[in-house]
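# Inside the fold
So the chains spell out like this:
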2 protein chains.
Amino acid sequence: MLTLYSYWRSSASYRVRIALALKDIAYEQVPVSLIDGEQATDDFKALNPQGVVPAMRLTDGTVLTQSIPIIEYLEEADPAPMRLLPDDAVDRARARAFAAAIACDVHPIQNVSVLKYIRAEYGQDDEGVQAWCAHWIERGFEALERIASVRAGSFLYGDTPGLAEICLIPQVYNARRFGVNMDRYPGLRDVDQACTSIPAFEAAAPECQPDAPDP
Amino acid sequence: MLTLYSYWRSSASYRVRIALALKDIAYEQVPVSLIDGEQATDDFKALNPQGVVPAMRLTDGTVLTQSIPIIEYLEEADPAPMRLLPDDAVDRARARAFAAAIACDVHPIQNVSVLKYIRAEYGQDDEGVQAWCAHWIERGFEALERIASVRAGSFLYGDTPGLAEICLIPQVYNARRFGVNMDRYPGLRDVDQACTSIPAFEAAAPECQPDAPDP
């Protein structure tokens, strides 16, 4: 069985959980507490030198890292039962670009390590951290809303959710956490709403993970 | 002919230029000055709503964005004459993860817009900006050095450079710019050296672009 090393509130872990659930792949989950610094231990770095989650161990012991490459691997290994990338080459490039706009240009800037740095080095408090996070999310969402607002159906690329939604929904979760008003992005909000009622997205949600705190 | 909207010193533009050169694809280059804010004009945002470079216009007018999705598109469109991803699925996932570790976890945090923000909001001067950039590059390179130091040959995955080197070399260029001592990362330094003498990498270098300032 696959083993996923993840943290309940990690956005990148959340992406891989959605992909696994959409593809109906069974896996064991090993929580790595980012709050307790478990990602920075020698044991974990032996698994993933970068010291970040997610990491995925295949049945033969091979360890893969980085959420989007893991998802591309899952897609290549078995496109059934749910394709995560469009068939058409240009649509595929666009879906990947939407995902990259989140994974490269929005999410990293509000990663745990960056927030720790701006607290420690620039003296930012909770309010300052929230302003920083909201700034980068809003900047990214303004551009992505232009794409979402002209989509043809419920989802961004095609009739089913795929890589673009897999990256969007965890980012919307973060946006709400940092006080971003999603009503400013009706297209993105509606895609989020269409996804969150799908069982695979529900099962992957942070609150449903074994290491989530009791409500 | 393909049209590449790029900026000479943009790391993500540099990646696409390397890929195009490795594949020996002719293209027209349209410089977009990030210093003069040309990426934020309505004209450019009509082309790429994100307002960032690179963007690539195909011969039929289709515009693709985000460096790695553009490179994946080029690879799918014509794997010849130079494959940019390994044949083996696990190696491919690893090469993509190496690229993502740079494109997601290192590069975005020292992007122009982030540096502007820490200057304006946190009062950082040139020295502060350099310290910020060096911190994130060194953190990323420490992890990537563990991978580079155990590689089998001159390159990271296989006998020829591909997506991993395409992302690494522009990041090493940035590292030197921000005062990172590459001798601390001998594996990465040697991969860089093996690449920079290859004509495709030379042709893609920032200083060789039409919008680079005179030396």
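My aim in this report is to walk through the structure given alongside it, one point at a time. (Residues numbered from 1 in each chain as written. Chains lettered and ligands numbered in written order. Predicted model: local features only at pLDDT ≥ 70, side-chain atom pairs only at ≥ 80, totals over all residues. Heavy atoms only, no water.)

### Focus: the interface of chain B and chain A
What counts is decided by this rule: Note on contacts: a residue pair is in contact if any heavy atoms of the two residues lie within 4.5 Å. For this document, the term salt bridge refers to a Lys or Arg side-chain nitrogen within 4 Å of an Asp or Glu carboxyl oxygen. Polar contact criterion, stated in full: a pair of N or O atoms within 3.5 Å, where within protein one must be able to donate a hydrogen and the other to accept it, and residues adjacent in sequence count only if both atoms are side-chain atoms. Numbering of helices and strands runs from the N terminus, with a helix taken as a DSSP run of H or I at least four residues long and a strand as a DSSP run of E at least two residues long.
Facing 42 residues of chain B, the contacting portion of chain A comprises 42 residues. Here chain B is connected to chain A by 6 salt bridges. Across the salt bridge formed by Glu-76 of chain B and Arg-92 of chain A, the nearest N and O atoms sit 2.7 Å from each other. Scanning the region where chain B abuts chain A turns up 8 residue pairs in polar contact (both at pLDDT 80 or more). Contributing elements (two or more residues each) for the side of chain B that touches chain A: strand E4 (63–65), helix H3 (67–77), helix H4 (89–103), helix H5 (112–122) and helix H6 (126–148) of chain B. At 10 residues, the largest contribution of residues to the side of chain B that touches chain A is made by H4 of chain B.

### Some remarks on the sheet that holds strand E2 (residues 27–31) of chain A
Residue and element names in this part refer to chain A. Heads up, the rule is: Two strands are counted as paired when DSSP detects at least two bridges linking them. Convention adopted: a line fitted to C-alpha atoms gives each axis, helices being fitted over their contacting stretch, and angles between N-to-C directions are expressed from 0 to 180 degrees.
Pairing is mixed in the open sheet, where 4 strands are placed in the order E2-E1-E3-E4. A single partner strand is all that each edge strand has here, and the edge strands are E2 and strand E4 (63–65). With strand direction ignored, the average angle separating the axes of adjacent strands in the sheet is 25 degrees. In the sheet, strand E1 (residues 2–6) pairs with strand E3 (residues 55–57) via 3 bridges, with the strands oriented antiparallel. Paired with Leu-4 across the strands is Met-56, a residue of E3. Helix H3 (residues 67–77) contacts E1, E3 and E4 of the sheet and is inclined by roughly 125 degrees relative to E4.

### Brief notes about the side chain of Lys-23 of chain B
All names here are of chain B. Rules: Categorising residues by exposure relies on relative accessible area from a 1.4 Å probe, with only protein chains included: less than 20% of the type maximum marks a residue as buried, more than 50% marks it as exposed, and the intermediate range marks it as partly exposed.
Position of Lys-23 relative to the elements: it lies in the loop between helix H1 (11–22) and strand E2 (27–31). Taking the relative accessible area as the measure of exposure, Lys-23 reaches 3% and is therefore buried. At a separation of 2.9 Å, a polar atom in the side chain of Lys-23 contacts the main-chain carbonyl oxygen of Met-82. What Lys-23 contacts, discounting residues up to four positions off in sequence, is Leu-74, Glu-75, Asp-78, Pro-79, Ala-80, Pro-81, Met-82 and Leu-84.

### With respect to the pairing of E1 of chain A
Residue and element names in this part refer to chain A. The following threshold applies: Assignment of crossover handedness uses the view with strands pointing away from the viewer, where a clockwise path from the first strand over the helix to the second indicates a right-handed crossover.
Where burial is concerned, most of E1 is hidden: 5 out of the 5 residues are buried. Burial along E1 is two-sided: Leu-2, Leu-4 and Ser-6 facing one way and Thr-3 and Tyr-5 facing the other are all buried. On the question of chirality, the crossover connecting E1 to the parallel E2 by way of helix H1 (residues 11–22) is right-handed.

### A short note on the relation of the copies chain B and chain A
For the record, the criterion: When the copies are superposed, the least-squares fit draws on C-alpha atoms of residues that have pLDDT of at least 70 in both.
With an axial shift of 0.0 Å and an RMSD of 0.0 Å, the rotation relating chain B to chain A amounts to 180 degrees. Seen this way, the second copy is the image of the first under a two-fold rotation axis. Ranked by how close their C-alpha atoms come to the rotation axis, the residues of chain B are headed by Cys-104 of chain B, at 2.2 Å. Interface overlap between copies: 100% of the residues of chain B at the interface are likewise at the interface in chain A, consistent with a symmetric, same-surface contact.

### Looking at the packing of aromatic side chains
Definition in use: Note on aromatic pairs: the rings of Phe, Tyr and Trp (six-membered ring only in Trp) are paired at centre separations within 6.5 Å, and the planes decide the class, stacked below 30 degrees, edge-to-face beyond 60, tilted for the rest.
Under the counting rule described, the total for this entry stands at 22 aromatic pairs over all chains. Ring centres of Trp-132 of chain A and Trp-132 of chain B lie 6.1 Å apart, and the angle between their planes is 75 degrees; on these two criteria the pair is classed as edge-to-face. Residue Trp-132 of chain A is found in helix H6 (residues 126–148), and its partner Trp-132 of chain B is found in helix H6; the two belong to separate chains. For the residue pair Trp-132 of chain A and Trp-132 of chain B, the accessibility class agrees, reading buried in each case. Taken together through their ring pairs, the aromatic side chains of Tyr-117, Tyr-122, Trp-132 and Trp-136 of chain A together with Tyr-117, Tyr-122, Trp-132 and Trp-136 of chain B make up a single cluster.

### Points about the pattern of salt bridges
Opposite charge on two side chains allows them to pair when their charged atoms are near. For the structure on display, the rule yields 26 salt bridges over all chains. In this structure, Glu-142 of chain A engages Arg-184 of chain A in a salt bridge whose closest nitrogen and oxygen atoms are separated by 3.9 Å. Taken as a pair, Glu-142 of chain A in helix H6 and Arg-184 of chain A in the loop between helix H7 (163–177) and helix H8 (186–196) lie far apart in primary sequence, 42 residues in all. Since its relative accessible area comes to 46%, Glu-142 of chain A is described here as partly exposed. The partner of Arg-184 of chain B in a salt bridge is Glu-138 of chain B, with the nearest N and O atoms 3.6 Å apart. Here Glu-138 of chain B lies in helix H6 and Arg-184 of chain B lies in the loop between helix H7 (163–177) and helix H8 (186–196), a separation of 46 residues in the sequence. One network of salt bridges, with partners in common, ties together Glu-72, Glu-76, Arg-92 and Arg-96 of chain A together with Glu-72, Glu-76, Arg-92 and Arg-96 of chain B.

### Here we look at helix H4 (residues 89–103) of chain A
Every α-helix winds through 3.6 residues per turn, so residues three or four apart in the chain are directed the same way. Residues and elements named next belong to chain A. Defined as follows: Helix span, expected: 1.5 Å multiplied by one less than the number of residues in the helix.
Over its 15 residues, H4 runs 20 Å from end to end, which matches the ideal 21 Å to within 8%, given 1.5 Å per residue. With 12 of 15 residues buried, H4 lies mostly within the body of the structure. Its side-chain oxygen at 3.1 Å from the backbone nitrogen of Val-90, Asp-88 defines the N-terminal cap of H4.

### Observations concerning the packing of H4 of chain B against H7 of chain B
Residues and elements named next belong to chain B. This is how the line gets drawn: Oblique is the label for any angle not under 35 degrees, not over 145, and not in the 65 to 115 range, which are roughly parallel, roughly antiparallel and roughly perpendicular in turn. Less than a right angle of anticlockwise turn of the near helix away from the far helix marks a crossing as left-handed, whereas a clockwise turn marks it as right-handed.
Put simply, H4 and H7 touch, their axes get as near as 8 Å, and they point 20 degrees apart. On the basis of the axis angle, H4 is roughly parallel to H7. The way H4 lies across H7 gives a crossing that is left-handed. Taken together, the residues of H7 that come into contact with H4 (itself represented by Ala-95, Arg-96, Phe-98, Ala-99 and Ile-102) are Leu-163, Ala-164, Cys-167, Leu-168 and Gln-171.

### Observations regarding the sheet that holds E4 of chain B
Residue and element names in this part refer to chain B. Spatially, 4 strands are ordered E2-E1-E3-E4 in an open sheet, and the strand pairing comes out mixed. If you trace the sheet from one side to the other, it starts and ends with E2 and E4, each paired once. Direction aside, the axes of adjacent strands within the sheet are offset by 25 degrees on average.

### Considering the pairing of strand E1 (residues 2–6) of chain B
By the bridge criterion, 5 bridges tie E1 of chain B to E2 of chain B in an arrangement that is parallel. For Leu-2 of chain B, the partnering residue across the bridge sits in E2 of chain B and is Tyr-27 of chain B.

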